[in-house]
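Chains, contacts and geometry: an overview
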Amino acid sequence: MQGGTADKISYSSLREYLGILSGAFFVSRTKIDYFEENIKMKLNNIDFATYFNNYPDKNGYFGKYGGVFVEDKLKRAMAEITEAYYSICQSRKFIAELRRIRKEFQGRPTPVTHLERLSDAMGGKVQLYAKREDLNHSGAHKLNHCMGEALLAKFMGKKKVIAETGAGQHGVALATAAAYFGLKCDIYMGAVDIKKQAPNVARMKILGANVIEVTHGLQTLKEAVDAAFDAYSREYEDAIYCIGSVLGPHPFPMMVRDFQSVVGIEAREQFIDMTGHLPSAIVACVGGGSNAAGLFAGFLNDPVDIYGIEPLGRGEKLGDHAASLKYGTEGIMHGFNSIMLKDENGDPAPVYSVASGLDYPSSGPEHAFLQEIGRVKYDVINDEETIDAFYRLARLEGIIPAIESSHAVAYGMKLAQKMDHGSVLINLSGRGDKDMDYIIENYGIR
């Protein structure tokens with residue numbers, strides 16, 4: 001798709017390709033064609049009509065961010081995965097199978113819901129909508145790339161999938177995919193997150209995954225990634241590391257984004273079909289950034305304001321948040337160059353978030369690039385605002401969101417109170433079943 005074939009693919013055919021790959025169905029071609037032909041976004045000399053042809057480049061870079069910073073034997077493994085992705089994922093058989101899985105197993109497309117009562121509570125001048133990834137099978141957006149990665153592993157002849165997880169949604173999704181394809185599955189998870197996300201740990205085990213507790217360091221997502229990479233370096237000949245976000249060495253930031261693009265492609269068409277126009281703004285939470293990358297992919301070439309929301313946690317002090325794009329500096333970790341939070345020695349800093357899926361000291365390289373060129377604005381929401389949004393959405397709309405997604409809901413609520421008119425589309429990236437015990441124990445029933 002990118003790299004050696006980029007010069008052969010036009011933007012329109014790429015949108016078609018991503019639509020086929022993701023399982024999106026274009027039922028309103030006249031409306032979509034109107035916007036594609038009449039709207040051209042350019043910023044800092046980047047033509048977003050050809051963006052996906054050029055980013056990442058053949059070496060896996062989004063500008064200066066990305067790349068492959070791993071030991072030599074893992075470079076060979078990354079090269080094998082890259083070659084397989086470029087070839088297998090353009091085969092008729094792979095695309096047809098993934099489309100069938102999206103429709104028959106995942107239940108896609110997920111709907112867009114008008115949050116009418118929440119909109120009224122915010123003043124009623126701006127209408128809020130949600131892309132309902134909480135209704136994707138297994139309860140979050142994560143299955144979008146896990147089914148793609150596991151299908152790729154099957155085509156490559158691998159016998160096992162390895163992954164890390166924080167909130168547990170990626171672990172559940174990969175365990176689901178592994179069970180579906182008959183693959184072995186090892187999931188590494190920090191001891192702190194295992195305690196916070198007990199329901200998801202139980203689900204992974206019921207699905208047949210081997211959940212491996214990580215007890216060093218802060219015992220959260222960063223340490224889980226460390227442990228998973230260590231395991232993969234020993235097993236790469238028979239296993240594939242299914243990274244849970246748009247992180248890691250190339251091709252994973254590209255590959256996960258492409259598999260997640262189903263979210264943005266569906267949402268764009270659904271919103272136009274529902275309202276007759278594009279949203280004024282779109283919002284998604286950002287830790288590593290997979291759900292955000294998927295939503296953003298559908299709108300980068302449109303005159304739409306795009307917001308990625310990081311966790312401010314308890315405040316701006318280092319160690320009290322995980323807002324790497326807002327407070328971090330350029331650095332390399334887990335095989336890629338991006339923006340990261342560092343301690344006084346330049347090492348990854350301790351991070352905190354009320355949401356286990358967001359407590360990571362860096363963000364995907366494409367997010368760093370989109371912030372640098374000014375196409376996406378990255379902002380923050382604190383714990384208090386997040387929990388308020390969690391309860392408001394539950395009480396006003398009958399939807400219990402994941403704590404991660406509640407960051408985006410909170411920011412959408414803020415926008416609705418600031419804007420004079422228009423509409424905001426929020427990516428509701430997951431449901432809150434996994435968070436109920438933690439919420440009740442720490443915040444009670446409001």
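Residues numbered from 1 in each chain as written. Predicted model: local features only at pLDDT ≥ 70, side-chain atom pairs only at ≥ 80, totals over all residues. Heavy atoms only, no water.

A few points about the packing of aromatic side chains
Inspection of every chain in the model, using the stated rule, returns 14 aromatic pairs. Here Tyr 85 and Tyr 86 contribute two aromatic rings whose centre-to-centre distance is 6.5 Å and whose plane-to-plane angle is 45°, an arrangement assigned as tilted. Aromatic side chains Phe 105 and Tyr 180 sit 4.6 Å apart centroid to centroid with 50° between the ring planes, which places their arrangement in the tilted category. Of this pair, Phe 105 sits in the loop between helix 5 (92–104) and strand 5 (112–114) while Tyr 180 is found in helix 8 (residues 169–181), placing the two residues 75 residues apart along the sequence. We classify Tyr 180 as partly exposed; its relative accessible area is 30%. What links up through ring pairs into an aromatic cluster is the set Phe 48, Tyr 51, Phe 52, Tyr 55 and Phe 369. Over the face of the ring belonging to Tyr 327 we find Lys 326, whose NZ or CZ atom lies 5.8 Å from the ring centre. (Phe/Tyr/Trp six-rings, centres within 6.5 Å; stacked < 30°, edge-to-face > 60°. Helix = DSSP H or I, 4+ residues; strand = E, 2+ residues; numbered from the N terminus. Buried < 20%, exposed > 50% of the residue type's maximum accessible area, 1.4 Å probe, protein only. Lys NZ or Arg CZ within 6 Å of the ring centre and 35° of its normal.)

Brief notes about the packing of helix 5 against helix 7 (residues 143–156)
Put simply, helix 5 and helix 7 touch, their axes get as near as 11 Å, and they point 140° apart. For the element pair helix 5 and helix 7, the recorded crossing hand is right-handed. Of the residues in helix 7, those in contact with Lys 93, Phe 94, Glu 97, Leu 98, Ile 101 and Arg 102 of helix 5 are Leu 143, Asn 144, Met 147, Gly 148, Leu 151, Leu 152 and Phe 155. Grouping the amino acids of the contact of helix 5 with helix 7 by side-chain chemistry returns eight nonpolar, two polar and three charged. (Axes fitted to C-alpha atoms, helices over the stretch in contact; angles between N-to-C directions. Left-handed = near helix turned anticlockwise from the far one by under 90°. Contact = heavy atoms within 4.5 Å. Nonpolar A, V, L, I, M, F, W, Y, C, P; charged D, E, K, R; others polar.)

A short note on the pattern of salt bridges
This structure, assessed with the given rule, holds 21 salt bridges. Between Lys 160 and Glu 235 there is a salt bridge; the shortest N-O distance is 2.8 Å. Separated by 75 residues along the polypeptide, Lys 160 in strand 7 (residues 160–165) and Glu 235 in helix 11 (residues 221–235) bring together distant segments of the chain. Exposure remark for Lys 160: the relative accessible area of 16% places this residue in the buried category. As a salt-bridge pair, Glu 385 and Lys 414 come within 2.8 Å of each other at their nearest N and O atoms. In this pair, Glu 385 is assigned in helix 16 (residues 383–397) and Lys 414 in helix 17 (residues 403–418), connecting sequence segments 29 residues apart. For Glu 385, a relative accessible area of 24% gives the class partly exposed. Taken together, the salt bridges that share partners define one network made up of Arg 108, Lys 131, Glu 133 and Glu 266. (Salt bridge = Lys/Arg side-chain N within 4 Å of Asp/Glu carboxyl O.)

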